[in-house]
Amino acid sequence: MPALLHTLSRGVSHEVRFVEVNHLASLRHPIRAHGTLQFRKPHTLIMTQSAPHKAVYRIEGNRLFVNHSERGVPVSRYPGVIAIVSGFEGLLSGNYALLAHDFKTRLQGTPQSWRLTLHPRLAALKRALTSVMIRGQGARLVTIKTRAPNGDFSDMHILP
Amino acid sequence: MRQPLSARGLLWAWVAAMLVLAALVVAVTRFGGSLTAFLPNSGSVVERALVRGLHKGQASRLLLLAIRGGTQDQRAHASRQLVRRLQAHHQVFALATNGGQDAARGFAQFLTRYRYLLAPRTTWSAAALRADLKRDLMILESPAALSSGAILADPTGALQAAGRPWIQSMGPKTRHGIWVSPRGHAALLLVETRQSGFSASAQRRALTIIHKAFMRVAAPALTLQIGGTGAITVAANAKVARSARILTVIDVMLVAAILFFVYRSLAPLLGSLVPLLTGGLAATAVSGLVFSELTVTTLGFGTMLIGVAMDYPTYVLLHARPGEHVGAAARRISRALGLAVIAMVIGFSTMLFSHLAGLVQLGVFASVGLLGASLAARFILPSLMPDWQPHADLSRWDGRAQAATAAMRRGRMAVPIAVLAALGVLYVKGGSVWNDHLHALSPAPRALMAETGRMASEFGVPGLSSLLVVIGPDREGALHASEGLVPTLRRLKKDHAIGSYDLAAAYLPSVAVQTRRQAALPRHAVLLANLRRAAAGLPFRMRAFAPFLAAVHEARHMAPLRPSTVPPVMRAKLSGLLMTIHGHGVAFIHLSGVQAPGVVARLVRDSGVPDAHYVVVKRAVSGLLAHYRTALLHDSILAGLLMALVIAMGLRSWREGVRLVVPMAGAIIVTAALLVLMGHGLTLLNVVALLLIAGLGMGYALFLGDHGLISERRPLAPWVCAATTVTGFGVMATAPVALLASVGLTVSIGALLALAFTAAWSHASRS
């Protein structure tokens, strides 16, 4: 596991394009989104979404800033965001301790084709998140699948 | 035959009394420590509210903890463990939090349940709901999408609105679920003690628990810094205790040296301690019986005051003639001694009529102590060492004292000149004679106070500087009345007259407001119909709104929250902002960043809220102290007249009484002027010290002059007494604690002047 993190933190491209499909139980049709994800050490994640709305989400530490606004809101109000932050940030910063603090981790497959499953430890996170499954090939992230207890799920594909 | 028997009986009675007193001290006396004991307990409701707010208010009970050093993970681990351990001590701590999940969950549950009563919202029309739903859809299409369940259970954002004041008031930023300092170099924790932050013993206990818990959980690289009123109180007490210990040793050695020079043997030295110990024990026991808690200040300062009881054995022992029993000498001077003690007790008893708990205690303590000590000097000391004789050499010193007194008499006209000059100084200095700041009475280390200020700004904890005090018939009434000030507060903030404000009604609206919000909630069928119309054309599945519809329905029939029924998570915050004081409800509104006090005062007056008062804490407290000090001064003047009366009656001559009292009063005036010239504003405790000088001065005057009270006076005795007093308090004047130093200086200068002035105006020997 630490070896994978080491590879990722050094090898992975820190700016990638993504396509995401969100299936929400409360909506009659799925939401399709695409844009870019950018990770800056030590703990800033910028998600630039081009569709369905043009928007920039900057997650810095534990605050979420929407569209360059100066006033951030605590991420804790959006458990879904915590999943992305912890998963993505934990992986790319190479900070295993952070990942292991928030999640039970399981790594399967080979270094060329691996699958990392995260199950939240904290009760607050458990209520919003069942699991996060990250698939990758070597130093490349391929998909991030997120599942919530209420049946919501999201598939994010990272484009090569 | 009778004499030795009664002496032995007396001794046994004394031993028994001492044992009973000691048992009393152990059994009933409780020691505490509180600066606010020196704040008035009478006055208007606003004043009392202020004292209570200072004493018991939440701001004073908060301890700010910062864990520094080590790695981020070590700090986070220590922070979590520390909180868990501190929370186990729930009888000591009302709150211990690091901003972590537990606290957040408690709040979330509470806010969720009451969100429709707590959040300001009046319209539930289809149009308003549609605007909400469109905003919700935007959120669902954002990266926050996975919390869709939570978002649609509360589509109008009531939870967020209800939580806003809490989130804004819960200052520091969070990292990995715990609070950290702005730059992330320290993990922060907030602890609220149940006891007042000014109670030294309670705070010391709390700090010990925290330090012990920290030692258990922290990695060696970590350090713990604690700020807050409690920490300051403890440090201040420790500082006073430390310097008092060192100075007491020096003091005792010097005084012992003087007395040893006078007596040339050890027995009378030890015997001199008997009256002091008797007085001290009696004072502690009686004060312990009368008051529920004896403050450390009373004990320390009181012991200092009754330290002058060392004079009594000196007067008794030095008057023993060759071949005379000590008992006979004591009888010979008993009238003069009695008058001196009565004069001093009259001086101290002015404190009994003050409305300061601390001073009343001090008055009782000192009066009882002196009475006890003088009785012991008169009756017990002679029984302990009946046959002791002064050293023959002393008669030479007696002659010298006599000569010195005579020299003083020749310069007697210097006294009225000095007094006139002093009166001039006091008149010119007028306003700056007094120092009425509370911190002038506080021995708190300045560095720690500054450090606490810095930590408080890291935490976003309100300082106690400006307040609006709103009074109502009960807490609910005060809460309701304080809501009337909200438009004024908003305007003041908009106009930058104030930076921000914090009031209970932001967290807990009054019942009236909650009922109004309830009444605005639509019936189930109406809400459902409005929601359907609002959602038309939007991709929502209606079943996702079921929790929302149920919550609104439930909220319509809930009993509104009242100050008495709020859950514990809320109580911690509210208890500092809303209180019951002497049967009235009082709401405190904390103001910070006040730029225009004048505007605040005017707008609050014009707000139409009947019992609302703008209070600048420092100024208000100074005003209270000044008010109190003036009263003490008036009482002191009365006491002075009473002393003159008693002395005159004792001497059976008006002229003699005046002759003794006036030089002593002159000494006090000159002392006050000298202190003012040295740049020391006079505090309450200085006034008490001046009362002490009055008593001392009376003693000197009675023993210096020839009034027919004492046959065969020993002119040396008052000089020895003055020497020990000036030495003892002179040592104290070198204390690093400003408070001790100032009192030490006052008494040593005062005693010196009292001796000089009363000597100058004493009668020459008639024989």
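First, a word on what this report is: a plain description of the structure on this page. (Residues numbered from 1 in each chain as written. Chains lettered and ligands numbered in written order. Predicted model: local features only at pLDDT ≥ 70, side-chain atom pairs only at ≥ 80, totals over all residues. Heavy atoms only, no water.)

## Some remarks on the overall build of chain A
Counting secondary structure elements, chain A contains 4 helices and 11 strands. Taking all 160 residues of chain A together, the buried fraction comes to 48%. Partitioning the intrachain contacts of chain A with sequence separation of at least 6 by distance along the chain shows that 32% fall at a separation of at least 24. When the accessible area of chain A is evaluated, it comes to approximately 7600 Å², of which 55% is carbon and sulfur surface. (Helix = DSSP H or I, 4+ residues; strand = E, 2+ residues; numbered from the N terminus. Buried < 20%, exposed > 50% of the residue type's maximum accessible area, 1.4 Å probe, protein only. Contact = heavy atoms within 4.5 Å. Areas by Shrake-Rupley, 256 points an atom, 1.4 Å probe, with all protein chains shown as cover.)

## Focus: the overall build of chain B
Of the regular secondary structure elements, chain B holds 32 helices and 13 strands. Long-range contacts, defined as pairs at least 24 residues apart, comprise 82% of the intrachain contacts of chain B with a sequence gap of at least 6.

## What about the pairing of strand E4 (residues 55-60) of chain A?
All names here are of chain A. In terms of strand pairing, strand E3 (residues 44-51) meets E4 through 6 bridges, oriented antiparallel. Bridge pairing in E4 links Ile46 to Arg58. Taking the residues between adjacent antiparallel strands as the criterion, E3 and E4 are bridged by 3 residues. Bridge count between E4 and strand E5 (residues 63-66): 4 bridges; the pairing is antiparallel. In the sheet register, Glu60 faces E5, and the bridge partner there is Arg63. (Pairing = 2+ DSSP bridges.)

## Thoughts on the packing of helix H13 (residues 311-318) of chain B against helix H16 (residues 357-384) of chain B
Residues and elements named next belong to chain B. Two numbers describe how H13 lies on H16: the axes approach to 9 Å, and their chain directions differ by 25 degrees. Taken together, the axes of H13 and H16 lie roughly parallel to each other. Between H13 and H16 lies a crossing whose hand is right-handed. Here Tyr312, Pro313, Val316 and Leu317 of H13 lie close against H16, whose contacting residues are Leu370, Ala373, Ser374, Ala377 and Leu381. Classifying every residue of the contact of H13 with H16 by side-chain character gives 8 nonpolar, 1 polar and no charged. (Axes fitted to C-alpha atoms, helices over the stretch in contact; angles between N-to-C directions. Parallel < 35°, antiparallel > 145°, perpendicular 65-115°, else oblique. Left-handed = near helix turned anticlockwise from the far one by under 90°. Nonpolar A, V, L, I, M, F, W, Y, C, P; charged D, E, K, R; others polar.)

## Points about the nonpolar core
Residues and elements named next belong to chain B. Counting 120 residues, the largest nonpolar core has Leu305, Tyr312, Tyr315, Leu359, Leu370, Leu692 and Tyr700 as the members making the most contacts within it. In terms of residue count, helix H30 (residues 684-704) provides more of this core than any other element does, 17 residues in total. Among residues more than four places away in sequence, those in contact with Leu692 are Leu305, Val308, Met344, Phe348, Phe729 and Val747. Membership of the second largest hydrophobic core comes to 67 residues, among which are Ala505, Phe548, Ile589 and Leu591. (Core = buried A, V, L, I, M, F, W, Y, C linked by side-chain atoms within 4.5 Å.)

## So, a nonpolar patch on the surface
Residue and element names in this part refer to chain B. The grouping of Leu642, Leu645, Met649, Trp654, Val658 and Val662 at the surface amounts to a nonpolar patch, some 600 Å² of accessible area in total. Only helix H28 (617-651) and helix H29 (654-677) provide two or more residues apiece to the nonpolar patch. Counting through the fold element by element, Trp654 comes out in helix H29. (Patch = residues over 30% accessible without salt bridge, like charges linked within 9 Å, V, L, I, M, F, W, Y side chains within 5 Å. Salt bridge = Lys/Arg side-chain N within 4 Å of Asp/Glu carboxyl O.)

## Let's talk about the environment of Ala717(B)
Residue and element names in this part refer to chain B. Topologically, Ala717 is positioned in helix H31 (residues 716-732). We classify Ala717 as buried; its relative accessible area is 0%. Expressed as a C-alpha distance, the spacing of Ala717 and His319, which sit 398 residues apart in the sequence, is 7.8 Å. Apart from residues lying up to four places away in sequence, Ala717 is in contact with Thr314, Tyr315, Leu318 and His319.

## Focus: the side chain of Glu20(A)
Residue and element names in this part refer to chain A. Counting through the fold element by element, Glu20 comes out in strand E1 (residues 15-23). Here Glu20 is buried and forms no salt bridge, its nearest opposite-charge partner Arg32 lying at an N-O distance of 11 Å. Within the structure, the side chain of Glu20 is placed 3.2 Å from the side chain of Ser154, a separation counted as a polar contact. In this view, Glu20 contacts Ile31, Arg32, Ala33, Met47, Ser154, Asp155 and Met156; residues no more than four positions away in its chain are not counted. (Lys, Arg positive; Asp, Glu negative; His and termini not counted. Polar contact = N/O pair within 3.5 Å; in protein donor to acceptor, adjacent residues only side chain to side chain.)

## Description of the packing of H31(B) against helix H32 (residues 738-760) of chain B
A pair of packed helices is characterised by two quantities: the angle between their axes and the separation of those axes. Residue and element names in this part refer to chain B. Look at H31 against H32: their axes get within 7 Å of each other, and the N-to-C directions meet at 160 degrees. One way to sum up the angle between H31 and H32 is to call them roughly antiparallel. Taken as a pair, H31 and H32 cross one another with a handedness that is left-handed. Only Leu740, Ala741, Val743, Gly744, Leu745, Val747, Ser748, Ala751, Leu752 and Leu755 of H32 make contact with H31, whose side of the interface consists of Pro718, Trp719, Ala722, Thr725, Val726, Phe729, Gly730 and Met732. Within the contact of H31 with H32, the residues separate by chemical class into 14 nonpolar, 4 polar and no charged.

## A few points about the packing of aromatic side chains
Residues and elements named next belong to chain B. Applying the stated rule across the entire model yields 8 aromatic pairs over all chains. Consider the rings of Trp124 and Phe548, whose centres lie 6.5 Å apart with planes at 25 degrees: the pair is stacked. Remark: Phe548 occurs in helix H25 (residues 546-556) and Trp124 occurs in the loop between helix H5 (101-118) and helix H6 (126-140); sequence separation between them is 424 residues. In terms of burial, Trp124 and Phe548 fall into one category: buried. Taken together, the aromatic side chains of Tyr116, Trp124 and Phe548 make up a single cluster linked through ring pairs. (Phe/Tyr/Trp six-rings, centres within 6.5 Å; stacked < 30°, edge-to-face > 60°.)

## Some thoughts on the environment of Thr515(B)
Residues and elements named next belong to chain B. Mapped onto the elements of the fold, Thr515 is located in helix H23 (residues 511-520). Thr515 gets classed as partly exposed once you look at its relative accessible area, which sits at 37%. Expressed as a C-alpha distance, the spacing of Thr515 and Leu561, which sit 46 residues apart in the sequence, is 9.9 Å.

## A few points about the pairing of strand E11 (residues 578-581) of chain B
Looking at chain direction, E11(B) and strand E12 (residues 584-592) of chain B are connected through 4 bridges and run antiparallel. Within E12(B), the position partnered with Leu578(B) by the bridge is Ala587(B).

## Quick word on unusual backbone geometry
With the exception of glycine, most residues fall at negative phi, and the peptide bonds are largely trans. Residues and elements named next belong to chain B. With a phi angle near 60 degrees, Arg264 is a residue other than glycine that sits in the positive phi range. One can find Arg264 in the loop between helix H10 (229-263) and helix H11 (266-290). Using a relative accessible area of 31% as the deciding quantity, one classes Arg264 as partly exposed. Non-glycine residue Arg652 carries a positive phi angle of around 55 degrees. Tracing the backbone shows Arg652 in the loop between H28 and H29. Using a relative accessible area of 68% as the deciding quantity, one classes Arg652 as exposed.

## Side note on the pattern of salt bridges
In total, this model carries 10 salt bridges over all chains according to the counting rule given. Linking Lys145(A) and Asp155(A) is a salt bridge whose minimum nitrogen-to-oxygen distance equals 3.8 Å. Here Lys145(A), found in strand E10 (residues 140-147), pairs with Asp155(A), found in strand E11 (residues 153-159); they are 10 residues apart in sequence, far enough to count as distant. Classification of Asp155(A) as buried rests on a relative accessible area of 15%. Here the salt bridges do not stand alone but share partners, grouping Asp132(B), Arg135(B) and Asp136(B) into one network.

## Describing helix H27 (residues 597-606) of chain B
In an α-helix, one turn spans 3.6 residues, which is why side chains three or four residues apart end up on the same side. Residues and elements named next belong to chain B. When H27 is considered as a whole, its buried residues turn out to be Val600, Leu603 and Val604. Across the axial projection of H27, the buried residues extend over an arc of 100 degrees, all falling on one side. Away from the buried face of H27 by more than 90 degrees, exposed residues Gly598, Arg605 and Asp606 are located. On its buried face, H27 sits against strand E9 (466-472), helix H21 (486-494), E12 and strand E13 (612-616). (Arc of directions from axis to C-beta.)

## What about H29(B)?
Residues and elements named next belong to chain B. Counted at 1.5 Å a residue, the expected span for H29 with its 24 residues is 34 Å, and the 34 Å between its end C-alpha atoms agrees. Among the residues of H29, the N-terminal cap falls to Ser653, whose side-chain oxygen and the backbone nitrogen of Arg655 are separated by 3.3 Å. Gly679 sits one or two residues past H29 and shows a positive phi near 90 degrees. (Expected span 1.5 Å × (residues − 1).)

## Section: the environment of Leu11(B)
Residues and elements named next belong to chain B. As for its position among the elements, Leu11 is in helix H1 (residues 2-28). In this structure the C-alpha to C-alpha distance between Leu11 and Ile380, which are 369 residues apart in sequence, comes to 6.4 Å. Residue contacts for Leu11: discarding those within four places in its chain leaves Ile380, Ser383 and Leu384.

## Here's the deal with the side chain of Thr350(B)
All names here are of chain B. Following the sequence through the fold, Thr350 ends up in the loop between helix H15 (334-349) and H16. A polar contact of 2.6 Å, which involves the side chain of Thr350, links it to the backbone oxygen of Gly347. Among all residues touching Thr350, those that are not within four sequence positions of it are Leu632, Asp635, Ser636, Ala639 and Leu691.

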